[in-house]
Amino acid sequence: MIRSLLQSLAYSGKGGRDLRIDFLRGYCLFIMAVDHIGANSFFLYLTGNVQFYTSAAEGFYFISGLTLGLLATRETFAQTVERLLKRSVVLYRTAILIALGFGAWSLLTGLKVWDVPWPKENWLEPLFPILTMRQGYAGSEILTLYVLFMLLAPIVMLALFRKKGWLVLLVSGALYAISQYRHDAVNLDASNFATYFLPAAWQFLFYGGLVIGYHREDLSKLLAQFAPLRTVLSGAVVVAAIAFLWSYTHGHNLWPSLPALALGEDNKTNLTPARLLMTALYIQAFYILVTSLWKPLYRVLGWLLIPLGSASLWTFTGHIVAIAVLYNLPLYVSTEDNVWAGTLWDCLAILGIWASIHLYRRFRPGRTARAANPKAAAASD
């Protein structure tokens with residue numbers, strides 16, 4: 001009886017777009033928006049306020065790579081490369097428009113943005129560094145790393161299409177290991193590009209996700225042969241995730257040295273091994289929970305998180321717009337430290353982004369054609 005009940009709650013989607021991926025990516029973007037807005041809010045208890053063993057950024061990059069791998073299994077190599085290059089152009093264009101658009105906002109209006117004011121003297125000086133991604137503005141730095149990974153993705157895809165995923169993992173893992181030993185070795189530091197994170201370390205999340213996504217069917221078949229063991233391991237992952245969460249709130253007594261190894265900006269920027277381990281643990285735990293409790297989670301949160309996750313670039317851009325709007329509202333400034341008001345502002349920002357996604361999809365050009373070809377629509381989001 002209990003087994004049948006659990007089966008009735010689990011995810012049962014067959015083929016097409018995996019809504020669990022959109023759900024989890026939407027959750028990452030929700031966390032990112034709340035943390036970046038920075039209001040004193042009850043939602044910070046859910047997000048960790050960028051102070052936990054992992055963050056939305058790690059999940060977002062992994063899921064982005066995973067999605068690319070999943071889509072590649074439905075295409076030829078030429079189609080995959082074409083899509084990757086088109087997506088790279090879209091990401092680059094968005095990063096530039098964010099930087100220059102909010103730079104103009106700051107320069108021409110004097111209003112606040114999510115950055116220092118644009119310089120009024122020598123105001124053209126940042127232009128070329130921004131166009132070459134050596135400088136960012138108003139959060140565009142977050143997309144810089146995404147653009148770089150996308151530009152290199154066709155090389156990785158070539159290896160995958162030639163059945164050499166092991167080589168991708170070997171090279172990616174070696175690069176990650178070097179990044180931990182020497183942050184500045186062979187130009188592995190982030191000083192050449194405007195990014196918050198160490199590229200040589202974070203690529204392991206992105207390309208690791210890509211390899212897993214590409215070989216997902218093979219991995220599923222392999223794990224199906226060991227169903228009882230998989231069930232036990234899944235339970236152990238969830239228990240470990242809960243245990244470390246409890247330890248986090250009770251003085252880190254489960255692993256006393258873990259805070260020094262995983263917490264803080266340096267550990268996040270360099271994606272240290274302990275932080276990578278915690279990221280892998282919580283990504284897997286969330287995936288297991290979403291799979292096992294899909295139907296109740298979908299009913300309660302799917303209406304919000306799936307649109308946010310399926311239109312990830314729109315959501316990302318929208319939360320920066322929301323920051324610029326909120327930071328210039330006198331009522332927000334005067335109430336941002338009030339936890340009830342802060343929660344209300346977060347809700348208004350997130351719901352505003354959610355509503356804009358639905359409005360855009362309703363009125364965007366080519367809506368009819370996209371509805372007739374859901375696979376193409378899925379690849380474009």
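Refer to the structure printed above.
Counting restarts for each chain, with residues numbered from 1 along the sequence as it is written. Where totals are concerned, whole chains, interfaces and linings use all residues; where local detail is concerned, this predicted model gives features only for residues with pLDDT of at least 70, and gives and counts side-chain atom pairs only at 80 or more. In computing side-chain properties, one takes all heavy atoms of the structure into account and sets aside hydrogens as well as water.

**Quick word on the overall build of the protein chain**
Secondary structure summary: the protein chain contains 20 helices and zero strands in total. As a reference, a globule follows 2.2 Å times the number of residues to the power 0.38, and the radius of gyration itself is taken over C-alpha atoms. Taking 21 Å as the expected radius of gyration for a compact globule of 381 residues, we find that the protein chain reaches 21 Å, a close match to that expectation. Summarising its shape, the C-alpha atoms of the protein chain cover approximately 65 × 55 × 50 Å along the three principal directions. Note that accessible areas follow from Shrake-Rupley with a 1.4 Å probe, and for residues the cover is restricted to the protein chains shown. Summed over its atoms, the accessible surface of the protein chain is roughly 19800 Å², and 69% of this surface lies on carbon and sulfur atoms. By the counting rule applied here, Lys and Arg register as positive and Asp and Glu as negative, while His and the ends of each chain are not counted. Charge positions come from single atoms, namely NZ of Lys, CZ of Arg, CG of Asp or CD of Glu. Computed over 30 positive and 20 negative side-chain charges, the inter-centroid distance for the protein chain is 14 Å. Per the convention used, a helix needs a DSSP run of H or I reaching at least four residues, while a strand needs a run of E reaching at least two, with both numbered from the N terminus.

**Focus on empty space enclosed by the protein**
Site definitions follow a grid-based scheme: protein atoms alone, a 1 Å grid, a 1.4 Å probe that fits but cannot get out for cavities, and for pockets an open set with protein on both sides within 12 Å along at least five of seven lines, plus lining residues having an atom within 4 Å of a point. Grid points are joined across faces, edges and corners, and a volume is the space filled by probe spheres set on the points. Counted under the stated rule, the structure contains three cavities of 30 Å³ or more. In this structure, the largest cavity occupies an estimated 110 Å³ of space. Taken together, ten residues line the largest cavity, and the ones lying closest to its centre are Arg-17, Asp-18, Thr-67, Leu-71 and Arg-74. Looking at the lining of the largest cavity, the elements with two or more residues in it are α2 (19–37) and α4 (56–72). When grouped by side-chain class, the residues that make up the lining of the largest cavity number four nonpolar, one polar and five charged. Lining the second largest cavity we find Ala-95, Ile-96, Ile-130, Met-133, Gln-135, Gly-136, Ser-140 and Thr-144. Side-chain classes are defined by residue name, with Ala, Val, Leu, Ile, Met, Phe, Trp, Tyr, Cys and Pro counting as nonpolar, Asp, Glu, Lys and Arg as charged, and the others, Gly among them, as polar. Of the residues belonging to the lining of the second largest cavity, the class tally is four nonpolar, four polar and no charged.

**Section: the state of the cysteines**
In plain terms, two cysteine sulfur atoms within 2.5 Å form what is called a disulfide here. Counted according to the given criterion, the structure contains zero disulfides. Between Cys-347, a cysteine without a disulfide, and Cys-28, which holds the nearest cysteine sulfur, the sulfur-to-sulfur distance is 19 Å.

**Some remarks on helix α15 (residues 294–310)**
Under the 1.5 Å per step criterion, the end-to-end length of α15 is only 17 Å for 17 residues, more than 12% shorter than the ideal 24 Å. Two axes are fitted around each residue, one to the seven residues ending there and one to the seven starting there, and the angle between them is reported as the bend at that residue. Along α15, the helix axis deviates most sharply at Leu-301, where the bend reaches about 80 degrees. In this analysis, the expected span of each helix is defined as 1.5 Å times one less than the number of residues it contains.

**Re the nonpolar core**
In terms of nonpolar packing, the biggest core is built from 78 residues, with Tyr-61, Trp-202, Phe-206 and Leu-210 touching the most fellow members. Of the residues forming this core, the biggest block, 13 residues, is contributed by helix α7 (residues 141–161). Beyond its immediate sequence surroundings of up to four residues, Phe-206 is in contact with Tyr-61, Ser-64, Gly-65, Leu-68, Tyr-146, Phe-149 and Met-150. Within this scheme, the nonpolar core is defined by two criteria: the residues are buried Ala, Val, Leu, Ile, Met, Phe, Trp, Tyr or Cys, and they are joined through side-chain atoms within 4.5 Å. Accessible area is worked out with a 1.4 Å probe on protein chains only. A residue is then buried under 20% of its type maximum, exposed over 50%, and partly exposed in between. Ranked by size, the runner-up nonpolar core spans eleven residues in total, among them Phe-52, Tyr-53, Phe-244 and Tyr-282. Should any heavy atoms of two residues lie within 4.5 Å, those residues are considered in contact.

**Quick look at the side chain of Ser-140**
Structurally, the position occupied by Ser-140 is in the loop between α6 (127–131) and α7. Discounting residues that sit within four places of it in the chain, Ser-140 has contacts with Ala-95, Ile-98 and Ala-99.

**Observations concerning the packing of α2 against helix α16 (residues 312–326)**
The angle between two axes is taken between their N-to-C directions and runs from 0 to 180 degrees, where each axis is a line fitted to C-alpha atoms and a helix contributes only its stretch in contact. Closest axis-to-axis distance for the α2/α16 pair is 10 Å, and the angle between their directions is 15 degrees. Taken together, α2 and α16 sit at an angle that is classed as roughly parallel. Regarding α2 and α16, the two cross each other, and that crossing is right-handed. Where α2 approaches α16, its residues Arg-25, Leu-29, Met-32, Ala-33, His-36 and Ile-37 are matched on the opposing element by Ser-312, Thr-315, Phe-316, His-319, Ile-323 and Leu-326. Partitioned by chemical class, the residues of the contact of α2 with α16 number seven nonpolar, four polar and one charged. In these notes the angle categories are as follows: under 35 degrees is roughly parallel, over 145 is roughly antiparallel, 65 to 115 is roughly perpendicular, and the rest is oblique. Each helix crossing is assigned a hand: it is left-handed if the near helix lies turned anticlockwise from the far helix by less than a right angle, otherwise right-handed if that turn is clockwise.

**Focus on unusual backbone geometry**
For Asn-122, which is not glycine, the phi torsion reads 55 degrees and is therefore positive. Tracing the backbone through its elements, the reader meets Asn-122 in the loop between α5 (77–109) and α6. Judged by its relative accessible area of 55%, Asn-122 is exposed.

**A short note on the environment of Ile-353**
Positionally, Ile-353 belongs in helix α18 (residues 339–363). For Ile-353, a relative accessible area of 5% puts it in the buried group. In this structure the C-alpha to C-alpha distance between Ile-353 and Glu-265, which are 88 residues apart in sequence, comes to 28 Å. Leave out the neighbours within four places in its chain, and Ile-353 touches Leu-308, Trp-314, Thr-315, Gly-318 and His-319.

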